[in-house]
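Remarks on the overall topology
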Amino acid sequence: MEIKKVGVLGCGLMGSGIAQTAAMAGFETTVREVSEDLIQKGFAAIEKSLAKFAEKGTITAEQQKETRARLHGTTSFDDLAECDIIIEAIIENLEEKQNTYRHLDAICKEETIFASNTSSLSITQMMAATSPARQRRFIGLHFFNPVPIMKLVEVVRTILTDADVYEDAIAFAKKLGKVPVRASDKTGFIVNRLLVPYLLDSIRALEEGVGSIVDIDNAMKLGCGYPMGPLTLGDFVGLDTTYYIAEIMFNEFREKRFAPPPLLKRMVMAGLYGRKSGRGFYDYTNDPKNPTPMNLV
Ligand SMILES: NC(=O)c1ccc[n+]([C@@H]2O[C@H](COP(=O)([O-])OP(=O)(O)OC[C@H]3O[C@@H](n4cnc5c(N)ncnc54)[C@H](O)[C@@H]3O)[C@@H](O)[C@H]2O)c1
């Protein structure tokens, strides 16, 4: 099946990026939000990003205009009924997602592919809220922030995904200008499966006094050629998000490498969420950032 019409659920951080990417790639794209205000907010973020692309010469003024014309906002589910694929990027709440899928399953055409952008929930559990026929057309499409710039998409299949649907989704991801990787529905997919234990280990190394915050970051940056150290990366991802994902992964695999270290838990309890709250492993209230003073013993 050739995908022509794209639906996006949610116009927050990820949904707006996904909608923009689809429209830039030439797809007619309809985005559903819960209120008109949130559509306006999401579209303003898209306008800003498109303007940056135009400024840098990545797209022409004409392409910027055409992209905008392909984007439609709505608060009604009915406007998504004829879409060939619906990419869901609403809040990370299983019940909310299941309710949404149940509702859409009843109104969308038979062929519509359902794709979730979840980072940590089970695609299989969401899929289970839909009819047996739809379950064959249910996948994960896991994008990375900022979506218009990050090249990777993890294309996730469940034990029930049709081979044809999966190949259509891979082809669609390529049309979006992304590099798709194939992953199965096991919590964390590929990236978080490898990244989360690394981030947690760097926190354990700090806890055990192997090195200071700055030395651990510099060691991995300069010794391994990583663009940023693991503690800086944790602050960037959000320590609350890292803790939440680690808990879910630990529950799935029951392996110590996914267990959130006590220091991470305490930092989250203390409100040190990283960049977003102004303090994490580093204090961002002054420029340049400094390590946050903490009693580690
Ligand atoms: N933030 C990231 O870096 C990132 C990366 C990959 C995947 N994800 C996943 O993407 C999803 C969205 O994350 P986000 O960071 O964009 O969140 P966000 O809070 O920025 O946006 C979520 C939006 O969904 C809207 N919404 C809630 N219920 C809705 C519904 N029933 N219909 C339509 N819209 C609805 C909310 O109003 C909100 O604007 C989550 O599943 C998250 O796990 C996030």
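Okay, so let's go over this structure. (Residues numbered from 1 in each chain as written. Predicted model: local features only at pLDDT ≥ 70, side-chain atom pairs only at ≥ 80, totals over all residues.)

**Let's talk about the pairing of strand β4 (residues 85-88)**
- The alternating pattern of β4 places Ile-85 and Ile-87 and Ile-86 and Glu-88 on opposite faces, both of which are buried.
- Judged from the 4 bridges that link them, strand β1 (residues 5-9) and β4 form a sheet pairing that is parallel. Note on β4: the bridge partner recorded for Val-6 is Ile-85.
- Examined bridge by bridge, β4 and strand β5 (residues 113-116) share 4 bridges and lie parallel to one another. For Ile-87, the partnering residue across the bridge sits in β5 and is Ala-115.
- Handedness of the β-α-β unit built from β4, helix α4 (residues 94-107) and β5 comes out right-handed. (Buried ≥ 20, exposed ≤ 12 C-beta atoms within 10 Å, placed from the backbone. Helix = DSSP H or I, 4+ residues; strand = E, 2+ residues; numbered from the N terminus. Pairing = 2+ DSSP bridges. Right-handed = clockwise from strand over helix to strand, strands pointing away.)

**A closer look at the site of the ligand**
- Taken together, the neighbourhood of the ligand is formed by 22 residues, with Gly-10, Gly-12, Leu-13, Met-14 and Asn-145 sitting nearest.
- Elements supplying a minimum of two residues to the shell around the ligand: α1 (13-24) and α4.
- When residues of the shell around the ligand are assigned to their parent elements, the largest contribution, 3 residues, is made by α1.
- A breakdown of the residues in the shell around the ligand according to their chemical character gives 10 nonpolar, 8 polar and 4 charged. (Near = placed C-beta within 6 Å. Nonpolar A, V, L, I, M, F, W, Y, C, P; charged D, E, K, R; others polar.)

**Side note on the nonpolar core**
- Counting residues in each nonpolar core, the largest one holds 46 residues, and the members touching the most others are Ile-86 and Ile-139.
- Discounting chain neighbours no more than four positions away, the residues touching Ile-86 are Gly-7, Leu-9, Leu-80, Leu-104, Cys-108, Thr-112, Phe-114 and Ala-115.
- In terms of nonpolar packing, the next biggest core, distinct from the first, is built from 25 residues, Ile-203, Leu-206, Leu-233 and Met-267 among them. (Core = buried A, V, L, I, M, F, W, Y, C linked by C-beta atoms within 7 Å. Contact = placed C-beta atoms within 7 Å.)

**Let's talk about helix α8 (residues 191-207)**
- Here α8 contains 17 residues, and its C-alpha end-to-end distance of 24 Å stays within 8% of the 24 Å for a straight helix at 1.5 Å per residue.
- Listed as buried for α8 are Asn-192, Val-196, Leu-199, Leu-200, Ser-202, Ile-203 and Leu-206. Buried residues in α8, looked at end-on, bunch into an arc of 150°, giving them a common side.
- Of the surrounding secondary structure, the elements contacted by the buried residues of α8 are α9 (213-224), α10 (230-237), α11 (239-253) and α12 (262-269).
- The positive-phi residue at the C-terminal boundary of α8 is Gly-209, with phi of around 75°. (Expected span 1.5 Å × (residues − 1). Arc of directions from axis to C-beta.)

**Some words on the sheet that holds strand β7 (residues 152-157)**
- Spatially, β3-β2-β1-β4-β5-β6-β7-β8 is the arrangement adopted by the 8 strands of the open sheet, whose pairing is mixed. Of all strands in the sheet, those with a lone pairing partner are β3 (71-74) and β8 (179-184), marking the two edges. Adjacent strand axes in the sheet meet at a mean angle of 25°, parallel and antiparallel pairs treated alike.
- Sheet analysis places β7 next to β8, joined by 6 bridges and oriented parallel. Considered in β8, the bridge of Glu-154 is made with Val-181. (Axes fitted to C-alpha atoms, helices over the stretch in contact; angles between N-to-C directions.)

**Topic: α1**
- In this model, α1 (12 residues) spans 17 Å end to end at C-alpha, consistent with the 16 Å of a helix rising 1.5 Å per residue.
- Counted residue by residue, α1 has 11 buried out of 12 residues, so it is predominantly covered.
- Turning to α1, its buried residues are Met-14, Gly-15, Ser-16, Gly-17, Ile-18, Ala-19, Gln-20, Thr-21, Ala-22, Ala-23 and Met-24.
- Within two residues after α1, Gly-26 carries a phi angle of roughly 100°, on the positive side.

**As for the environment of Ala-106**
- Tracing the chain through its elements places Ala-106 in helix α4.
- A tally of 12 C-beta atoms within 10 Å means that Ala-106 is categorised as exposed.
- Sequence separation between Ala-106 and Thr-130 is 24 residues; the distance between their C-alpha atoms is 8.6 Å.

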